Amino acid sequence: MAIQWFPGHMHLTKKAITERLKETDVVIELLDARMPGSSANPMLAELIGSTPTLKILNKQDIADPARTALWLDHYNALPGTRAIALDASETAPAQRLIPACRLLAPLRGGMVKPMRVLICGVPNVGKSTLVNTLKGKRAAKTGDEAGITKLEQRIVLADDFYAYDTPGMLWPRIIVEQSGYHLAACGSIGRNAFDEEEVALELLLILQKHYAGQVEERYKLDPILGLTDIGVLTEIARKRGGLLGKGKVNLQKAAEIVLTEFRSATLGRVTLETPEEFAGWLAAGQAADAARQAKKDARKNKKPQAPEAESA
């Protein structure tokens, strides 16, 4: 069952974005470069429609550069879309966004038709950090936690360039199970909405398959390719003081360590998915969702109809 998190303020964010899009020239969607598919909001894609979109693969400095290149190729091949990778806290790369937006909407600009940009993304993807970098001062609140920004903020980036920073928004139902785990691992889902040990185990499956050397080096482990995910987590607990006595280990403590060190890139540069992998997961999720809906419709159609009242 996929992890779900759609608190009340996100309903308000959806309404606000829907209204703002009526007067938006370019949408900037920030994606987490460690999970560019899972952090792309399908509900936002429906709202955006044909509006030109700039995809920002943020936090590229802690993502796998080879996989980042694959995702840039993927998104740049889409119509009406440009994609660039950056670290939102770096001033020079962030300044590339303004000319990129002007290329997507060349007929906008000047005081008569100022450029209007909407900045969107999942929680904790770095939107507010980007706004502060562009503005050159602390114009928006930031924090390493999902759900910091709760209200839309208007930022003037130039005399003819306005940006609107919106709160982080997920979608009501995550049908790609892997996406739920990836969003949780990267800190885009509220802490109370998932089990840290379960998410850490899913994360270790990926790390064991693609980044085993980084895990072994960080935790001073012997080769881990033959171990189960619980086996790896158990060894990490032993190495990092998670012993409870009588041969037992504190897997919860080990899970917290793994998630913290993944998020801080202490484990090295990691990307959890490729375009090809995500496409497969999405197809499977859509098929499962269609089957679920078909069963629901079938149950609804089988319900006995209430008898019509006899005429007097």
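On a predicted model such as this, the values are computed, not experimentally measured, just so you know.

## Some details on the sheet that holds strand β2 (residues 53-58)
- In spatial order, the strands read β3-β2-β1-β4-β6-β5; together these six strands make up an open sheet with mixed pairing. The open sheet is flanked by β3 (81-86) and β5 (153-158), the only strands paired with a single partner. Each strand axis lies, on average, 25 degrees off the axis of its neighbour in the sheet, ignoring direction.
- In this structure, strand β1 (residues 26-32) lies alongside β2, joined through six bridges in parallel fashion.

## Some thoughts on helix α3 (residues 65-76)
- Counted at 1.5 Å a residue, the expected span for α3 with its 12 residues is 16 Å, and the 16 Å between its end C-alpha atoms agrees.
- Those residues of α3 that fall on the buried side of the exposure criterion are Arg67, Thr68, Trp71 and Tyr75. End-on, the buried residues of α3 take up no more than an arc of 105 degrees, which puts them together on one face. Those residues of α3 that are exposed and aimed more than 90 degrees away from the buried face are Ala66 and Asp73.

## Things to note about the packing of helix α7 (residues 177-185) against helix α8 (residues 196-210)
- Relative to each other, α7 and α8 sit at 105 degrees, their axes nearing to 9 Å. Considering the angle they form, α7 stands roughly perpendicular to α8. Of the residues in α8, those touching α7 at Tyr181, His182, Ala184 and Ala185 are Glu198, Val199, Glu202 and Ile206.
- In terms of residue class, the contact of α7 with α8 is made up of five nonpolar, one polar and two charged.

## Remarks on the pattern of salt bridges
- The full count for this structure, using the stated rule, is 12 salt bridges.
- Linking Lys55 and Glu29 is a salt bridge whose minimum nitrogen-to-oxygen distance equals 2.6 Å. Separated by 26 residues along the polypeptide, Lys55 in strand β2 and Glu29 in strand β1 bring together distant segments of the chain.
- Ionic pairing is found between Arg173 and Asp289, a salt bridge with its closest N-O pair at 2.3 Å. Taken together, the residues Arg173 in the loop between β6 (161-165) and α7 and Asp289 in helix α12 (residues 275-302) connect sequence positions 116 residues apart.
- If you follow the salt bridges from partner to partner, you end up with Asp25, Arg108 and Arg116 in one network.

## A look at the pairing of β6
- Where burial is concerned, most of β6 is hidden: five out of the five residues are buried.
- Every second residue of β6 is oriented toward a common face, with Phe161, Ala163 and Asp165 on one face and Tyr162 and Tyr164 on the other, all of them buried.
- As paired strands, strand β4 (residues 115-121) and β6 are joined by five bridges and run parallel to one another. Residue pairing across strands places Arg116 opposite Tyr162, the latter belonging to β6.
- In this structure, β5 lies alongside β6, joined through five bridges in antiparallel fashion. Paired with Arg154 across the two strands is Tyr164, which belongs to β6.
- Here β5 folds back onto β6, and the loop between the two strands holds two residues.

Cut-off values and rules
Residue indices begin from 1 for each chain and proceed along its sequence in written order. For a predicted model such as this one, the threshold for reporting local features is a pLDDT of at least 70, and the threshold for listing and counting side-chain atom pairs is 80 or more; totals across whole chains, interfaces and linings nevertheless cover every residue. The basis for the side-chain values is all heavy atoms of the structure; hydrogens and waters are excluded. Each pair of strands is called paired provided DSSP finds at least two bridges between the two strands. By the criteria applied, helices consist of DSSP H or I runs no shorter than four residues and strands consist of E runs no shorter than two, each listed in order from the N terminus. A fitted line through C-alpha atoms serves as each axis, taken over the contacting stretch for helices, and the angle formed by two N-to-C directions is quoted from 0 to 180°. By definition here, a helix of n residues has an expected span of 1.5 Å times n minus one. Type-normalised accessible area, obtained with a 1.4 Å probe on protein chains alone, sets the label of each residue: buried when under 20%, exposed when over 50%, and partly exposed for intermediate values. Arc definition: directions from the helix axis to the C-beta atoms. Working rule for angles: under 35 degrees goes down as roughly parallel, over 145 as roughly antiparallel, 65 to 115 as roughly perpendicular, anything else as oblique. What makes two residues a contact is simply this: any of their non-hydrogen atoms within 4.5 Å. For this classification, Asp, Glu, Lys and Arg are treated as charged, while Ala, Val, Leu, Ile, Met, Phe, Trp, Tyr, Cys and Pro are nonpolar and the rest, including Gly, are polar. Should a side-chain nitrogen of Lys or Arg be within 4 Å of a carboxyl oxygen of Asp or Glu, the pair is scored as a salt bridge.

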